[in-house]
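Per-entry structural report
Each chain, written out:
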Amino acid sequence: MPSSTPSPTRERIMDATLELVLERGFGGTAVTDIEAAAGLSPGSGSFYRHFRSKREVFEAVFERELDRARRHRTGFERGPVGGAAEAALTRRLLEQLDYLAAIRPLIMLLAREHGRFPELTARVREALLDGGIADEAAHLARDLDGAPGDEPLRDDPHAVTAVVVSALTGYHLSREFFGRPPAGVAPERFAAALAALLAARND
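Residues numbered from 1 in each chain as written. Predicted model: local features only at pLDDT ≥ 70, side-chain atom pairs only at ≥ 80, totals over all residues. Heavy atoms only, no water.

This structure, assessed with the given rule, holds six aromatic pairs. Measuring from centroid to centroid gives 5.2 Å for F26 and F117, while their planes differ by 85°, and the two rings are edge-to-face. Pair noted here: F26 is in the loop between α1 (8-24) and α2 (31-37) and F117 is in the loop between α5 (104-113) and α6 (118-144), with a separation of 91 residues, a long-range link. The burial state of F26 is the same as that of F117; both residues are buried. Through successive ring pairs, a cluster of aromatic residues spans F26, F58 and F117. For K54, the ring lying beneath its charged end belongs to F26, and the centroid distance is 4.4 Å. (Phe/Tyr/Trp six-rings, centres within 6.5 Å; stacked < 30°, edge-to-face > 60°. Helix = DSSP H or I, 4+ residues; strand = E, 2+ residues; numbered from the N terminus. Buried < 20%, exposed > 50% of the residue type's maximum accessible area, 1.4 Å probe, protein only. Lys NZ or Arg CZ within 6 Å of the ring centre and 35° of its normal.)

Secondary-structure assignment places E113 in helix α5. With residues up to four places along the chain from it excluded, the contact list for E113 reads V21, G25, F26 and F58. (Contact = heavy atoms within 4.5 Å.)

I13, L128 and L168 are the most contacted members of the largest nonpolar core, which has 44 residues in total. For this core, the elements supplying multiple residues, two or more each, are α1, α2, α3 (54-76), α4 (85-102), α5, α6, α8 (157-178) and α9 (187-199). Element by element, the count of residues in this core is highest for α3, at seven residues. (Core = buried A, V, L, I, M, F, W, Y, C linked by side-chain atoms within 4.5 Å.)

This paragraph deals with empty space enclosed by the protein. Under the counting rule described, the total for this entry stands at one cavity of 30 Å³ or more. If you add up the space inside the largest cavity, you get close to 30 Å³. Taken together, F58, F62, L109, L110, E113, H114, F117, L120 and T121 make up the full set of residues lining the largest cavity. Listed by contribution, the elements that provide at least two residues to the lining of the largest cavity are α3, α5 and α6. (1 Å grid on protein atoms, 1.4 Å probe; cavity = no way out; pocket = protein on both sides within 12 Å on 5 of 7 lines; lining within 4 Å. Points joined across faces, edges and corners; volume = space filled by probe spheres on them.)

With that settled, the discussion passes to the side chain of E35. Assignment of secondary structure puts E35 in helix α2. At a separation of 2.7 Å, a polar atom in the side chain of E35 contacts the main-chain amide nitrogen of G43. Among residues more than four places away in sequence, those in contact with E35 are L40, S41, P42, G43, S44, G45, S46 and F47. (Polar contact = N/O pair within 3.5 Å; in protein donor to acceptor, adjacent residues only side chain to side chain.)

Before going further, it helps to spend a moment on the confidence of the model for the protein. Across the protein, the average pLDDT comes to 81, with 77% of residues at or above 70. Taken element by element, the protein is modelled with least confidence in helix α7 (residues 151-155), mean pLDDT 55, and with most confidence in α2, mean pLDDT 96. Note on residues 77-82: pLDDT under 50 across the span, and 15 contacts to partners over four residues away in sequence or across chains. (pLDDT = per-residue confidence, 0-100.)

Moving on, we come to α8. The first and last C-alpha atoms of α8 sit 31 Å apart over 22 residues, in line with the 32 Å expected at 1.5 Å per residue. Restricting attention to buried positions, one finds in α8 the residues V160, T161, V164, L168, Y171, H172 and S174. Along the axis of α8, the buried residues cluster in a sector spanning 155°; they form a single face. Of the residues in α8, the exposed ones pointing more than 90 degrees away from the buried face are V163, F177 and F178. (Expected span 1.5 Å × (residues − 1). Arc of directions from axis to C-beta.)

Okay, structure coming up:
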């Protein structure tokens, strides 16, 4: 069994696998390609001293990126943001956009290979999407507590948070795939507009 502490060579193989799969896809990446990109002699069998198969290294890469995503999320959940509701929400929404940028490799792996590895997609959905919505609903409820128009959030915080997460994800993916924000709206403007909608008084 591989060591729980990856060796430098093992890490190079994982880094090379991530880069190649994102570029070529799992099916278009050969073990010899991974060996060459990791600085090993292609066809020498060096890869197999660290991983039994291409699938095993892909799953190791996936686990590493999922762990990084979890640790990054833990790092920014520091309790109440404080201040006026809209300003607090804007700062938290910007944190969420930064988080999506930080876990880009994991998102791109899923976009590339979710059909091939549905069980891995399900794990990310449960850990980061469903779990993240539950966690963030509590944060939003606290930040908006007593603010004008907070009734919908109190009534169905999970649904409101799902809307927020969908908006943030759509904004992030638009930047990724089209190379610029929707309509050229900068992250600060986007976060402020979304915060204003959440904090606004109901008509």
